[in-house]
Amino acid sequence: MRGEASRIADRESRDSLAPRLRDTREEAWRIGNELFTITNVLDHDIHLERALTDPSRPVADKEAVLRTILGDQAHEMTMTIMNDLVARKWSRVSDIANAVEDFAVDGMMYYADATDATLQVSIELAQLHSALLNLPVVRSKLYDANVPAEARIKLLFSLIGDQGFSKITMRLAEHATCNLRNRRYLETIQWLINKFSRHMGESMVTVTTAVALSEEQIQRLTDVYSEKTGHPVHINSVVDPTVIGGMRVQVGDEVTDNTVVAQLQHLHRAVAA
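Parameters at a glance
- Residues numbered from 1 in each chain as written.
- Predicted model: local features only at pLDDT ≥ 70, side-chain atom pairs only at ≥ 80, totals over all residues.
- Heavy atoms only, no water.
- Domains from an automatic or database assignment.
- Contact = heavy atoms within 4.5 Å.
- Buried area = accessible area lost by both parts, 1.4 Å probe.
- Phe/Tyr/Trp six-rings, centres within 6.5 Å; stacked < 30°, edge-to-face > 60°.
- Helix = DSSP H or I, 4+ residues; strand = E, 2+ residues; numbered from the N terminus.
- Buried < 20%, exposed > 50% of the residue type's maximum accessible area, 1.4 Å probe, protein only.
- Expected span 1.5 Å × (residues − 1).
- Arc of directions from axis to C-beta.

Moving on, we come to the domain arrangement of the chain. You can read the domains of the chain as domain 1 (4–200) and domain 2 (204–272). Inter-centroid distance (C-alpha atoms) of domain 1 to domain 2 is 30 Å. The interface of domain 1 with domain 2 comprises 13 residues on the first partner and 11 residues on the second. When domain 1 packs against domain 2, the two sides together hide about 900 Å² of surface, and 51% of this comes from carbon and sulfur. Three residues, S130, N134 and Q190, lead the burial of domain 1 against domain 2; their summed loss comes to 37% of the area buried on that side.

One pass over the structure, following the stated rule, counts one aromatic pair. With 5.5 Å between their ring centres and 45° between their planes, W29 and Y111 make a pair best called tilted. Separated by 82 residues along the polypeptide, W29 in helix 2 (residues 28–43) and Y111 in helix 6 (residues 95–114) bring together distant segments of the chain. Given a relative accessible area of 22%, W29 falls into the partly exposed group. For Y111, a relative accessible area of 11% puts it in the buried group.

The next point concerns helix 4 (residues 59–70). Along its 12 residues, helix 4 runs 16 Å from first to last C-alpha, staying within 8% of the 16 Å computed at 1.5 Å per residue. For helix 4, the complete set of buried residues consists of K62, V65, L66 and L70. The buried residues of helix 4 all sit within an arc of 115° when viewed along its axis, so they share a single face. Away from its buried face, by an angle of more than 90 degrees, helix 4 presents the exposed residues A60 and T68. Residues of helix 4 that are buried in the fold lie against helix 2, helix 3 (46–53) and helix 5 (76–86).

Below, the structure written as structure tokens:
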């Protein structure tokens, strides 16, 4: 949990630089990737984090450290973001990496906006989340810190490599397992879904059924959950024959599972007890 100083630093930095990052359009892809890489470097180098957040150290010295590390290879906007972050005060040294990651995701969202892929990425992330709900063994391997990152990424690509996901979705899904950041895999995917939903100004509601929903059913669900949440929603309809019947609805972290398979599992546990 971030302290007050870090929350203020993160929010003010992103608010002040958001227009400039948004204006980079397709270049935001490169910037986002560079920031993901920097996040990973910071997470694995506490000494560097301390050097960049030490309040007693002149900002000019911190900027010099950045130039030494990044050289002239980083995008100008990447350097602008990093220079802004090292000039701010942080509650904990590790919080600067969280802010860099936030900017990285923002970059991916702005690139999605520039390429008209924002809704598509949001839907694909929800599909990935739904697919992994029934694969606990796979999920555990995707966030197992004892498994090398290369192996986790290979497992991820073997799972979703042929799904036709956009490169943005694939990059976000890769980041979630490449750099675990002390989070479970589904937790990170849900965090990304929530960020995209807020960015679009609507909530993602994932509805899983054994057969495809009709347009009338989708509209009815849209109306119900728009009223329930108090803002527009997008219904992500997922067909999964293994649920047999009924419906599983996920809104954010809240899951309501009224599928037949869930009821059978509940009955089995009750009998076993």
